[in-house]
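Commentary on secondary and tertiary structure
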Amino acid sequence: MVSIENEYIKIAIKPTGAELSSLYNKKTNTELLWQGDASFWSGQAPILFPIVGELKNKTYFFKNVAYQLNRHGFARRSNDWKIIQLDQNNIQCTLNSNATTLKVYPFDFSFVITYSITKNKLHIQHKITNNGEEIMPFSIGAHPAFNCVSNKETNYNDYLLKFEEIENAERHFLNGEGLFNGETEIVLNKSDTLPLSKSLFKNDALVFKKLKSKQVSLYKASEKILSVSFKDFPFLGIWAASNAPFVCIEPWIGHADTANTNQNLFSKEGSKSLLSNETFTVAYQITTA
C-alpha cells in the first residue's frame, strides 16, 4: 500500500490492480471511499480494462480464434502492476502485456495510470499505448464506490446524486447474464436529481448512454460530499450491491455486450481502437467538498 497526502486529502493505492483504496477528506475527517467489505462487495475502485462490463459467454473472437475475458477484464485483479513514480503529489503505476495477458488478449500494450492530488481534487489519468503491430481494440472504465454511511441521524435514503444538467435520461437494462437486452426506462425526467434507495439497483446497474452532464455529485441531504467529473467518458454507470451502504459512480468508454452481439471487439459500441505505436489518454476527477 502506498499513499500521498496534502492538507486537504489523503489517498492510498493497493498493489493488486493499482486500485484506489482510500480517499480521506482531512477537513471533515471522513473516509469517502468504500472499504471493500466482502459481505457486500470486495471491490473499492477497480480499473476496467480491456473491456467494460460482460461479454456474451465471456467470449470474443479475433481472427476466428475465441478468447475469454471475465467481466471488466483483467487489469483490476492483476498483480503485475508496478509503481514507476511516487512523489509528494503523484502515484504512477504501469501494467504491461505479458504471457498471461496475451493468452486472453492477444495485443501488446502498456497501460499507465497516474493518481495526482491538487488541493481537494484527485485527478486519475489513464494512458494506453499499442506496442504491437496489430490494431488494438479496447475499452476503459472506472468503478469507484463511495460510502453512504447510515447512523442514528442518516440512512441510505438521505443520499442523492445531483447531475450538473437537467436531464431527460433513460437507463439501459441488463439481463441476468449482464448483457443489454434492448429495454430502457426513463430515470431522470426533466430532473437533475436521483435519490438513492436500496430498490434502485434491484435490476443491476443504471447505465446511461446519452447524458448531457459531465459531472455528478453525491449529497447527504443538502450536504455536498464530493463530485465526479468525466468530460471525455461517453457512458456512465451507477451501481450498488444489494443493500450495500455505498454507491458507485462509474465513467466508462465502452460497456457490456448486447444480447445479440457479433462478439467482435472492433464493432462493439463505444470501443476504441489504437494503431501501432498510438497512445490514448483519458482522465476523470474526484473533488471533495
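Scroll up a little and you will see the structure.
Now for a description of the structure that goes with this document. What you see is a predicted model; the values in this text were computed from it and never measured. (Residues numbered from 1 in each chain as written. Predicted model: local features only at pLDDT ≥ 70, side-chain atom pairs only at ≥ 80, totals over all residues. Heavy atoms only, no water.)

This paragraph deals with the packing of aromatic side chains. One pass over the full model with this rule turns up 21 aromatic pairs. An aromatic cluster is built from F49, F62, F74, W81, Y105, F107, F109, F111, F138, F266 and F280, whose rings are joined through pairwise contacts. The ring of Y8 is capped by K27, whose NZ or CZ atom sits 5.1 Å from the centre of that ring. Across the ring face of Y156, the terminal group of K198 is positioned such that the distance to the ring centre comes to 5.2 Å. (Phe/Tyr/Trp six-rings, centres within 6.5 Å; stacked < 30°, edge-to-face > 60°. Lys NZ or Arg CZ within 6 Å of the ring centre and 35° of its normal.)

Attention now moves to the sheet that holds strand 4 (residues 30-31). Read from one edge of the open sheet, four strands run 1-2-3-4, paired in antiparallel fashion. Two strands bound the open sheet, and with one partner strand each, they are strand 1 (2-5) and strand 4. As judged from the six bridges shared by strand 2 (residues 9-14) and strand 3 (residues 19-25), these two strands associate in the antiparallel manner. When the sheet's bridge partners are listed, K14 is paired in strand 3 with E19. (Pairing = 2+ DSSP bridges. Helix = DSSP H or I, 4+ residues; strand = E, 2+ residues; numbered from the N terminus.)

Let us now look at the pairing of strand 8 (residues 82-86). Of the pairings in the sheet, the one linking strand 8 to strand 9 (residues 90-96) comprises four bridges and is antiparallel in character. Residue pairing across strands places I83 opposite C93, the latter belonging to strand 9. The hairpin turn running from strand 8 into strand 9, its antiparallel successor, is three residues long.

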